[in-house]
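Architecture at a glance
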Amino acid sequence: MSAPKPATYNLHCHQGVDFDFTFSMKDGNAADVNFAGASLWLTVYSNQRKSEEVVKLSSAGGAITQAPGNLEVSAAMNGTLTDSLAAGAHSYDLDVEFTDLTRWRIFEGKFTVHEGSFA
């Protein structure tokens, strides 16, 4: 399976509020992509130029989890972590490395942090 072009998907979160992002993927034949044994990373950068990492979540660290069947992936940050992020425009990448060491960037985009709770 060849690497797809990264999808642009802009994310929003609020300071001090739990955040999660769940996704699944299909390949070029509309078959589910199985993430069994894959390593995943979600990196949030301080700005659009991606010059400074401010958050790095990984499946190894438990912040990115896979649903039964390994077809759905969820990345999560608790309210303490989102509270530590400066309000404003950031950017992010979500990368996956499969067991054959093939690495894909599957999502990228803006990561906007809004000041305070939305409640």
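This write-up is about the structure you can find in this document. (Residues numbered from 1 in each chain as written. Predicted model: local features only at pLDDT ≥ 70, side-chain atom pairs only at ≥ 80, totals over all residues. Heavy atoms only, no water.)

**Focus on the pattern of salt bridges**
Pairs can form between side chains of opposite charge once their charged atoms are near each other. Put simply, the test is: Counted as salt bridges are all cases of a side-chain nitrogen of Lys or Arg within 4 Å of a carboxyl oxygen of Asp or Glu. The buried label goes to any residue with under 20% of its type's maximum accessible area, the exposed label to any with over 50%, and the partly exposed label to all in between, with areas taken from a 1.4 Å probe on protein chains only.
Applying the stated criterion across every chain, the model contains seven salt bridges. For Arg-103, the salt bridge is made with Asp-95, and the minimal N-O distance between the two is 3.8 Å. Residue Arg-103 is classed as partly exposed on the basis of its relative accessible area, which comes to 45%. Asp-95 gets classed as buried once you look at its relative accessible area, which sits at 7%. Connected through shared salt-bridge partners, Lys-50, Asp-93, Asp-95, Arg-103, Arg-105 and Glu-108 make up one network.

**Concerning the sheet that holds strand β3 (residues 19-23)**
The pairing of strands in a sheet happens through backbone hydrogen bonds and is either parallel or antiparallel. Which entries qualify depends on this criterion: Only strands joined by at least two bridges in the DSSP assignment are considered to pair. Where helices and strands are cited, they refer to DSSP runs of H or I of at least four residues and of E of at least two residues respectively, numbered from the N terminus. A fitted line through C-alpha atoms serves as each axis, taken over the contacting stretch for helices, and the angle formed by two N-to-C directions is quoted from 0 to 180°.
Judged by pairing direction, the sheet is antiparallel, and its three strands sit side by side in the order β3-β7-β6 without closing on themselves. Each edge of the open sheet is held by one strand with a lone partner, namely β3 and β6 (64-66). Adjacent strand axes in the sheet meet at a mean angle of 20° when their direction is disregarded.

**Looking at the side chain of Ser-58**
Basically, it comes down to this: Here a polar contact is recorded for every N or O atom pair within 3.5 Å, except that within protein the pair must consist of a potential hydrogen donor and a potential acceptor, and residues adjacent in sequence are included only if both atoms are side-chain atoms. Any two residues whose heavy atoms approach within 4.5 Å are treated as being in contact.
The topology assignment puts Ser-58 in strand β5 (residues 53-58). Among the polar contacts listed, one links the side chain of Ser-58 to the backbone nitrogen of Ala-60, at a separation of 3.5 Å. With sequence-adjacent residues up to four places away left out, Ser-58 is seen in contact with Leu-40, Trp-41, Ala-63 and Ile-64.

**Comments concerning the environment of Thr-82**
With respect to the helices, strands and loops of the structure, Thr-82 is situated in helix α1 (residues 79-83). By relative accessible area, which is 0% here, Thr-82 ends up buried. Separated by 66 residues in the primary sequence, Thr-82 and Gly-16 have C-alpha atoms spaced 5.3 Å apart. Those residues in contact with Thr-82 that sit more than four places away from it in its chain are Cys-13, His-14, Gln-15, Gly-16, Val-17, Phe-19 and Met-77. Within the local environment of Thr-82, its side chain forms a polar contact with the backbone oxygen of His-14, the two atoms lying 3.4 Å apart. Here Gly-79 takes part through its backbone oxygen, which lies 3.2 Å from a polar atom of the side chain of Thr-82.

**Thoughts on the side chain of Asp-95**
As for its position among the elements, Asp-95 is in strand β8 (residues 88-97). Within the local environment of Asp-95, its side chain forms a polar contact with the side chain of Arg-105, the two groups lying 2.8 Å apart. Not counting residues within four places of it along the chain, the set of residues in contact with Asp-95 comprises Ser-39, Leu-40, Trp-41, Arg-103, Trp-104 and Arg-105.

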